[in-house]
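# Structure assessment
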Amino acid sequence: MDYKNKTVWITGASSGIGKELAIQFAALGANVILSARSVDKLNELKQSLHGDGHLIVPLDLSAPEAVLAQVTDLLDTLPAIDILINNGGVSQRSLFLENEFNVYRQLMEVNYFGLIALTKAVAPTMVERRRGSIVSISSVAGKVGSKFRTGYSGSKYAVVGFMDCLRAELAEHNIHCLTICPGSIKTAIAHNSLNEQGIAQNKPEHSIENGMDVSVAAKKMIHAIHNKKDEVIVGKGLSGLAPTIKRFFPRLFNRLTAKTNYR
Ligand SMILES: NC(=O)c1ccc[n+]([C@@H]2O[C@H](COP(=O)([O-])OP(=O)(O)OC[C@H]3O[C@@H](n4cnc5c(N)ncnc54)[C@H](OP(=O)(O)O)[C@@H]3O)[C@@H](O)[C@H]2O)c1
């Protein structure tokens, strides 16, 4: 795979999956645009990457209208985007009956509206060139529900629906749209997950700690991008199999889910 002279824009590049995608795309010769809120971490990452054509665009996805305005203004100064990876996101570990309403708003702003805002700014440039890939990281939680995820799952199901419709609309413009649904991947996601007050819970979780290694996951994701897949699930064990189990044994799956605490 040779990505020399290709530009890949990655949100959530300061940590976990986004950081690893940046490292691997840069190693394949791509120029990467790194976005997140933590500019120090992005600077550190940029210094460490293979190659020197990388850029940093700080973005706060929780303010989607500002993202749309900021990126629209900036596009003329950036190289043409070949691959947009909507990866930045936040999860949740809290029960519906205990959640403040604001938790739902926060999750939708970052995981759904923020993703739409950046896509809305970048997609027209791809349509104009009749080339490009739009990749959104949803989740296995965008395919199946489980306890403690009412807001997160809702936002990730929304991403799956958005991407299915976008794929249909952009096919005639030759734009590739891929939805990636990771299962448990070993990153800081559990630490950063919102509690019932909408604050990072700051503690680990067994299923994430024992999840797929992030470098293995990123490699599989790049493979799916390269092969122009429509949708892939990336995960090991039950977290990867859950959508298939639910599809063929929905009642059994729902009963098991009600008894399982992934927290
Ligand atoms: N790890 C898993 O098991 C798993 C499973 C399914 C789906 N996913 C999805 O994969 C994506 C990456 O997650 P991860 O596992 O790599 O988690 P992570 O290590 O917590 O990284 C999350 C990234 O999103 C960025 N982000 C969070 N809030 C943001 C905001 N308001 N504005 C801009 N950027 C923001 C963070 O950067 P800053 O804090 O610097 O802004 C960070 O770079 C997420 O969409 C997540 O839902 C992960």
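Anyway, here's the lowdown on the structure attached to this text. Model, not experiment: these values are computed from the prediction.

Glancing now at empty space enclosed by the protein. Applying the stated rule across the entire model yields one cavity of 30 Å³ or more. Put simply, the largest cavity is a space of about 30 Å³. Residue lining of the largest cavity: Thr 11, Leu 61, Asn 86, Asn 87, Gly 88, Val 110, Asn 111, Gly 114 and Leu 115, and that is the complete set. When the residues that make up the lining of the largest cavity are grouped by side-chain class, the tally is three nonpolar, six polar and no charged.

Let us look at the layout of surface pockets. A water-sized probe, rolled over the atoms, reveals where empty space remains. Approximately 250 Å³ is the volume found for the second largest pocket. Lining the second largest pocket are Tyr 3, Lys 6, Asp 82, Ile 83, Arg 131, Gly 132, Ser 133, Asn 174, His 176, Ile 225, His 226 and Lys 228. Taken together, the residues of the lining of the second largest pocket break down into three nonpolar, five polar and four charged.

Now for the site of the ligand. Around the ligand sit 31 residues in total, of which Ser 15, Arg 37, Ser 38, Tyr 152 and Thr 187 are the nearest. Measuring from an oxygen atom of the ligand, one finds a backbone N or O atom of Gly 89 at 3.2 Å. Between the ligand and Tyr 152, the relevant distance is 2.6 Å, taken from an oxygen atom to a side-chain nitrogen or oxygen of the residue. Coverage of the ligand by the protein chains reaches 94% of its 880 Å² of free accessible surface. Residue assignment for the shell around the ligand shows that the elements contributing at least two residues are α1 (16-27), α5 (150-170) and α6 (189-192).

We now examine the environment of Leu 166. Position of Leu 166 relative to the elements: it lies in helix α5. Judged by its relative accessible area of 11%, Leu 166 is buried. Considering only alpha carbons, one finds Leu 166 and Ala 123, 43 residues apart in sequence, at a separation of 10.0 Å. Other than its neighbours up to four places away in sequence, Leu 166 contacts Thr 119, Ile 134 and Cys 177.

This part takes up helix α9 (residues 237-248). When the terminal C-alpha atoms of α9 are compared, their 17 Å separation across twelve residues agrees well with the 16 Å that a helix rising 1.5 Å per residue should span. Burial in α9 covers these residues: Ser 239, Gly 240, Ala 242 and Pro 243. What you see down the axis of α9 is that its buried residues fit within an arc of 140 degrees, all on one side. Set apart from the buried face of α9 by more than 90 degrees, the exposed residues are Leu 238 and Phe 248. On its buried side, α9 packs onto β7 (231-234) and α10 (250-259).

Moving on, we get to the nonpolar core. Core analysis: the largest hydrophobic core is formed by 33 residues, its most contacted members being Phe 25 and Ile 85. Counting 27 residues, the second largest nonpolar core, distinct from the first, contains Leu 75, Leu 78, Tyr 112 and Phe 162.

What counts, and at which threshold
Position numbers for residues count from 1 along each chain, tracking the sequence in the order it is written. Where totals are concerned, whole chains, interfaces and linings use all residues; where local detail is concerned, this predicted model gives features only for residues with pLDDT of at least 70, and gives and counts side-chain atom pairs only at 80 or more. Processing note: side-chain calculations cover all non-hydrogen atoms of the structure and skip hydrogens and water entirely. Definitions used for this entry: grid spacing 1 Å over protein atoms alone; cavity, a set of points where a 1.4 Å probe fits but cannot get out; pocket, an open set with protein on both sides within 12 Å along at least 5 of 7 lines; lining residue, one with an atom within 4 Å of a point. Grid points are joined across faces, edges and corners, and a volume is the space filled by probe spheres set on the points. Polar here means any residue outside two lists: the nonpolar Ala, Val, Leu, Ile, Met, Phe, Trp, Tyr, Cys and Pro, and the charged Asp, Glu, Lys and Arg; Gly therefore counts as polar. Near residues are defined by distance, with any heavy atom within 4 Å of the molecule or strand qualifying the residue. Throughout this description, a polar contact denotes any pair of N or O atoms lying within 3.5 Å of each other; where both atoms belong to protein, one of them has to be capable of donating a hydrogen while the other can accept it, and for residues adjacent in sequence the pair is counted only when both atoms sit in side chains. Accessible areas in this description were obtained via Shrake-Rupley with a 1.4 Å probe; residue shielding takes into account the shown protein chains only. Only runs of H or I of at least four residues qualify as helices and only runs of E of at least two qualify as strands under DSSP, and these elements are numbered from the N terminus. Under the scheme applied here, a residue whose accessible area is under 20% of the maximum for its type counts as buried, over 50% as exposed, and between as partly exposed, the area being computed with a 1.4 Å probe on protein chains only. Residue contacts follow a heavy-atom distance rule, with two residues in contact if any of their heavy atoms lie within 4.5 Å. Each helix should span, by expectation, one fewer than its residue count multiplied by 1.5 Å. As used here, the arc is the angular range of directions from the helix axis to the C-beta atoms. Within this scheme, the nonpolar core is defined by two criteria: the residues are buried Ala, Val, Leu, Ile, Met, Phe, Trp, Tyr or Cys, and they are joined through side-chain atoms within 4.5 Å.

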